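Descriptive analysis of the structure
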Amino acid sequence: MIICKTPRELEIMREAGRIVALTHQELKKHIVPGVTTKQLDDIAEKFIRKHDAIPSFKGYNGFRGSICASVNEELVHGIPGDRVLKDGDIISIDIGAKYNGYHGDSAWTYAVGNISDETKRLLEVTEQSLYEGIKEVKPGARLSDVSHAVQTYAEAHDFSIVREYVGHGIGQDLHEDPQIPHYGPPNKGPRLKPGMVLAIEPMVNAGTRYVKTLADDWTVVTVDGKMCAHFEHTVAITETGYEILTKA
């Protein structure tokens, strides 16, 4: 069941999203060669709690971190630890914050120092594929219109869309209906209505679309070892279109 939020609920989710966006802004200052993913996790947790929220991911199904920190060929669900970031790396940071009982969720992939032109292009295309999907968000549109727009853009630039992981509804629960694939034909699935809130999050690989989970049962990596990127916003459907909630 897809839950439509009331104006009061959206007001709370707007603040949850703002806290997530501010946390991203804070972490970006610290993403430099020599920092560990655990140091970034500590900064994020303190920042979120300072804003009267709690990290959505900490303890979720046993996850140990406050953020997901996934480096290079790691796509999602990377566990913060002792890994030291190096010049030329990229890191995908997924942040969730629960404020007054409601979640905000956003992921971004960042360059560490100087990265190759090819990797820059991967980040640019993945980010734009997110916005191509968001452009389709409006009352009366079908959910798969979002999915199709993401896939069409990413594949037109010779990158691969991961299919095993999808976006999702969000609200009082971190993951609510509906699931949102980032591929598929248009004009399928439920119609979008004002009050729905979606976490849209394309995951794009430089090589093939195939991924696997490591022995830690969390970290997802590309099968071919090539770079990948992940961008996500929490988006509310309004009477006339959409509102991105995870922005400062």
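Refer to the preceding data block for the structure.
Model, not experiment: these values are computed from the prediction. (Residues numbered from 1 in each chain as written. Predicted model: local features only at pLDDT ≥ 70, side-chain atom pairs only at ≥ 80, totals over all residues. Heavy atoms only, no water.)

Regarding the sheet that holds strand β7 (residues 167-169)
Selection rule: Strand pairing follows a simple DSSP-based rule, namely that at least 2 bridges must link the two strands. Secondary structure elements are defined from DSSP: runs of H or I of at least 4 residues count as helices, runs of E of at least 2 residues count as strands, and each element is numbered from the N terminus. Fitted lines through C-alpha atoms serve as axes, helices being fitted only where they are in contact, and the angles separating the N-to-C directions of these axes extend from 0 to 180 degrees. Contacts were defined at the residue level, with two residues in contact if any of their heavy atoms lie within 4.5 Å.
Strand order across the open sheet formed by five strands is β8-β7-β9-β14-β15, with antiparallel pairing between neighbours. The two strands at the open ends of the sheet, each matched to only one other strand, are β8 (176-180) and β15 (242-244). Within this sheet the neighbouring strands show an average axis-to-axis angle of 25 degrees, counted without direction. In this structure, β7 lies alongside strand β9 (residues 197-200), joined through two bridges in antiparallel fashion. Residue pairing for β9: G169 is matched across the bridge by L198. Sheet strands in contact with helix α4 (residues 143-156) are β8 and β9, and its direction is about 40 degrees off that of β8.

Some details on helix α2 (residues 37-50)
Definition in use: Given a helix with a known number of residues, its expected span is that number minus one, times 1.5 Å. Note on classification: 1.4 Å probe, protein chains only; a residue is buried when its accessible area is under 20% of the maximum for its type, exposed when over 50%, partly exposed between these limits. What the arc describes is the spread of directions from the helix axis to the C-beta atoms.
With 14 residues, α2 extends 20 Å between its outermost C-alpha atoms, agreeing within 8% with the 20 Å of an ideal straight helix rising 1.5 Å per residue. Those residues of α2 that fall on the buried side of the exposure criterion are T37, L40, D41, A44, E45, F47 and I48. Taken around the axis of α2, the buried residues stretch over an arc of 170 degrees, which confines them to a single face. The outward face of α2, more than 90 degrees from its buried face, is lined by the exposed residues K46 and K50. At its buried positions, α2 is contacted by α1 (7-28), β1 (54-55), β2 (67-71) and β4 (90-99). The positive-phi residue at the C-terminal boundary of α2 is D52, with phi of around 60 degrees.

Observations concerning the nonpolar core
Convention followed: Nonpolar cores were defined as sets of buried Ala, Val, Leu, Ile, Met, Phe, Trp, Tyr and Cys residues, with membership established by side-chain atoms within 4.5 Å.
Of all hydrophobic cores here, the largest spans 62 residues; its most connected members are L40, I91, I93 and I200. The element that contributes the greatest number of residues to this core is α1, accounting for seven residues. If we ignore the near neighbours within four places in the chain, the residues touching I93 are H24, L27, I31, L40, I67, C68, S106, A107, W108 and Y110. V76, V162, M203 and V220 belong to the second largest nonpolar core, which has seven residues in total.

Describing the side chain of T36
Counting through the fold element by element, T36 comes out in the loop between α1 and α2. Once residues lying within four places of it in the same chain are set aside, the contact partners of T36 are G81, D82, R83 and V84.

Considerations on the packing of aromatic side chains
Stated precisely, the cut-off is as follows: Centres within 6.5 Å make a pair out of two Phe, Tyr or Trp rings, where for Trp the six-membered ring is used; the pair is then stacked when the planes are under 30 degrees apart, edge-to-face when over 60, and tilted otherwise.
Tallying each qualifying case throughout the model produces two aromatic pairs. Taking 5.0 Å as the distance between ring centres and 75 degrees as the angle between the ring planes, the aromatic pair formed by F63 and W218 counts as edge-to-face. A residue pair is termed long-range when its members are at least 10 positions apart, and F63 in the loop between β1 and β2 and W218 in the loop between β11 (211-213) and β12 (220-222) qualify at 155 residues. Given the relative accessible area of 4%, F63 is considered buried. Classification of W218 as partly exposed rests on a relative accessible area of 21%. Here W108 and F231 contribute two aromatic rings whose centre-to-centre distance is 4.9 Å and whose plane-to-plane angle is 70 degrees, an arrangement assigned as edge-to-face. Within this pair, whereas W108 is found in strand β5 (residues 102-111), its partner F231 is found in the loop between β13 (228-230) and β14 (233-237), the two being separated by 123 residues in sequence. Each member of the pair W108 and F231 is classed as buried.

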